[in-house]
Amino acid sequence: MKALRVYARVAGMGLGAVWSFKLRSFFVVVGVAFGIASLTLIVTAVDGANRKAVEIVDMFGPDAALVFGGNVMMRAVGMRTMTLSRDDVRQVRDSLPGVKAVLPMRSQGGQTVKAGSRNVQDVQVVGTTEDYALAWDWPLAEGRDITVDDETGGAKVALLGDKPARELFGDESPVGRVVFINNIPYQVVGRLAYRGMTTGGGSDIDNRVVIPLNTMMQRYNLDRNYFRALRVKFYEPEHMEAHVENLRSLLRALHHLEPGADDDFTILTADEILKFLSMFKGGLSIFLGVTATIAMLVGGFVLANLFSISVSERAEEIGLKKALGARGSAIMWQFLVEACALTLLGGVLGLFLGLGLGQFLSRLDILTIQFSWKAFFMALAGSQAVGLIFGLKPARQAAGLDPIQAMRGEG
């Protein structure tokens, strides 16, 4: 009990020294804070990327492939992107084993949608065939989906995404109302449920209007024989690898591509997206990890150097304490308490700094940030590790001073 009181008193003296040497404390806290901020950013960014990956896979679906015209990987100058034809759609639907649905799509971005005195800008207008919501596993909040009759008849009907529905009609139901796209009226037949995601270009996925494909081709004067993308759903998601290979082989044969020639289309699946996100997370973790390590080492060296100088400056104080009976372990404990207190302050500051920076980058759509208690505990553990590792040498240096020499100022 007596020893406990002694160490509590020594800890109090250490905390008092932290307050007494304010400039030294400031530099140590700031040095550690930058390292912990980087560490916090790593953890929250990786957690955010994991959450984003789960959201994307849930949205995309494990049983589907998205085929784009043109080879996205090649990006050759002048390369055709409209390489998917009506015949491709028909052959994939009728000839490919295991196919559940094939959905051709065209789109026009940057459109303005109006209703009464209100309007929504930068809307993505998507033209597609029947059962769009079903093919994308996108629930309808109300109303119905695009039908075969809508598509074949070129009907002027529309599905509204959540954003245009809210901004044009507020809390009222949009079903049965009329919206204008390029001054052409469309009757709203359904509203898509809210998804709350952004696309790769940073646009809101809920900011869209879906209309029949034939209607889009008529109103926008588009080529009726080619499409920008196909959504292909399969019955057995456990055989997706074989499905994708069969789809690639069929499209190559339909496009008369020679063996060894590059594909003139791109196939994306949930697995491909996960592989890309894993590479992104790996590169991000390495970059931020190196940054965090360097920043924490710098903070640690700042602490060690300032504490070594402090030992010399406080040599007479240390010598007096030892002459009055203070043990070397108590002196070392005091310096370690000072170091850990400073790095703890730096850890807390760095945690909030990292979260603040993460939120800023998240608003710019540079990173997706997900706070977790793991980041909190890693920040505290990392800061205390810096305090113990880099504070140990000057603490032992102080504990090992000869009291006579120290009182003469020879520490």
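Residues numbered from 1 in each chain as written. Predicted model: local features only at pLDDT ≥ 70, side-chain atom pairs only at ≥ 80, totals over all residues. Heavy atoms only, no water.

### Some points on helix α3 (residues 86-95)
Right, on to step 1. Buried within α3 are the following residues: D88, V89 and V92. Projection of α3 onto a plane perpendicular to its axis shows the buried side chains occupying an angular sector of 100°, all on one side.
Right, on to step 2. At its buried positions, α3 is contacted by β2 (84-85), β3 (99-115), β10 (226-227), β11 (229-234) and α8 (240-254). (Buried < 20%, exposed > 50% of the residue type's maximum accessible area, 1.4 Å probe, protein only. Helix = DSSP H or I, 4+ residues; strand = E, 2+ residues; numbered from the N terminus. Arc of directions from axis to C-beta. Contact = heavy atoms within 4.5 Å.)

### Some points on the nonpolar core
Right, on to step 1. Formed by 41 residues in total, the largest nonpolar core has its most connected members in V67, V92, V179, V232 and L247.
Right, on to step 2. Counting residues per element, this core draws most heavily on α8, which supplies 5 residues.
Right, on to step 3. Residues in contact with V92, not counting those within four places in the same chain, are V99, V102, V232, L247, L250 and L251.
Right, on to step 4. Of all hydrophobic cores here, the second largest spans 24 residues; its members include V57, A133, A135 and A229. (Core = buried A, V, L, I, M, F, W, Y, C linked by side-chain atoms within 4.5 Å.)

### Here we look at the packing of aromatic side chains
Right, on to step 1. Under the criterion given, the structure shown has 2 aromatic pairs.
Right, on to step 2. Ring geometry for Y132 and W138: centres 6.5 Å apart, planes at 40°, overall tilted.
Right, on to step 3. When the ring of F301 is compared with that of F390, the centres are 5.4 Å apart and the planes differ by 75°; the resulting orientation is edge-to-face. Separated by 89 residues along the polypeptide, F301 in helix α9 (residues 270-313) and F390 in helix α12 (residues 373-399) bring together distant segments of the chain.
Right, on to step 4. Relative accessible area serves as the criterion here: at 15%, F390 is assigned to the buried category.
Right, on to step 5. It is R195 that lies over the ring of W138; its NZ or CZ is 4.6 Å from the centre.
Right, on to step 6. Seen from the ring of W136, R231 lies directly overhead, with NZ or CZ sitting 4.0 Å from the centre. (Phe/Tyr/Trp six-rings, centres within 6.5 Å; stacked < 30°, edge-to-face > 60°. Lys NZ or Arg CZ within 6 Å of the ring centre and 35° of its normal.)

### Quick word on the pattern of salt bridges
Right, on to step 1. Applying the stated criterion to the full structure yields 12 salt bridges.
Right, on to step 2. Between K233 and D137 there is a salt bridge, and its shortest N-O distance comes to 3.2 Å. Within this pair, whereas K233 is found in strand β11, its partner D137 is found in the loop between α4 (132-135) and β5 (140-143), the two being separated by 96 residues in sequence.
Right, on to step 3. Take D137: its relative accessible area is 34%, and that puts it in the partly exposed class.
Right, on to step 4. The closest approach of N and O atoms between E172 and R177, which form a salt bridge, is 3.0 Å.
Right, on to step 5. Through salt bridges with shared partners, a single ionic network connects D63, D137, R231 and K233. (Salt bridge = Lys/Arg side-chain N within 4 Å of Asp/Glu carboxyl O.)

### Focus on α8
Right, on to step 1. If you check α8, its first and last C-alpha atoms are 21 Å apart, about what 15 residues at 1.5 Å a residue would give, namely 21 Å.
Right, on to step 2. Buried within α8 are the following residues: M240, H243, V244, L247, L250, L251 and R252.
Right, on to step 3. Close packing links the buried residues of α8 with β1 (64-69), α3, β11 and β12 (265-269).
Right, on to step 4. Phi turns positive one or two residues past the end of α8, at H256, with a value near 55°. (Expected span 1.5 Å × (residues − 1).)

### Thoughts on unusual backbone geometry
Right, on to step 1. For D122, which is not glycine, the phi torsion reads 55° and is therefore positive.
Right, on to step 2. By relative accessible area, which is 58% here, D122 ends up exposed.

### Details of the packing of α3 against α8
Helix-helix packing: each pair is described by the crossing angle between the helix axes and the interaxial distance.
Right, on to step 1. It is at 11 Å that the axes of α3 and α8 come closest, and there the two elements cross at 140°. When the axis of α3 is compared with that of α8, the two are oblique. Our pair here, α3 against α8, has a crossing hand that is right-handed. Listed contacts from α8 to D87, D88, Q91 and V92 of α3 are L247, L250, L251 and L254. (Axes fitted to C-alpha atoms, helices over the stretch in contact; angles between N-to-C directions. Parallel < 35°, antiparallel > 145°, perpendicular 65-115°, else oblique. Left-handed = near helix turned anticlockwise from the far one by under 90°.)

### Some points on the side chain of T128
Right, on to step 1. Assignment of secondary structure puts T128 in strand β4 (residues 118-128).
Right, on to step 2. In this structure T128 touches L103, P104, M105, E151, V210, I211, P212 and L213, once residues within four positions along its chain are discounted.

### Regarding the pairing of β3
Right, on to step 1. Two strands pair when backbone bridges link them, and β3 and β11 are joined in this way by 6 bridges, in the antiparallel orientation. Bridging from a neighbouring strand, V99 pairs with F234 of β11.
Right, on to step 2. Both β3 and β4 contribute to a ladder of 8 bridges, which runs antiparallel. Residue pairing in the sheet places Q111 in a bridge with V123 of β4. (Pairing = 2+ DSSP bridges.)

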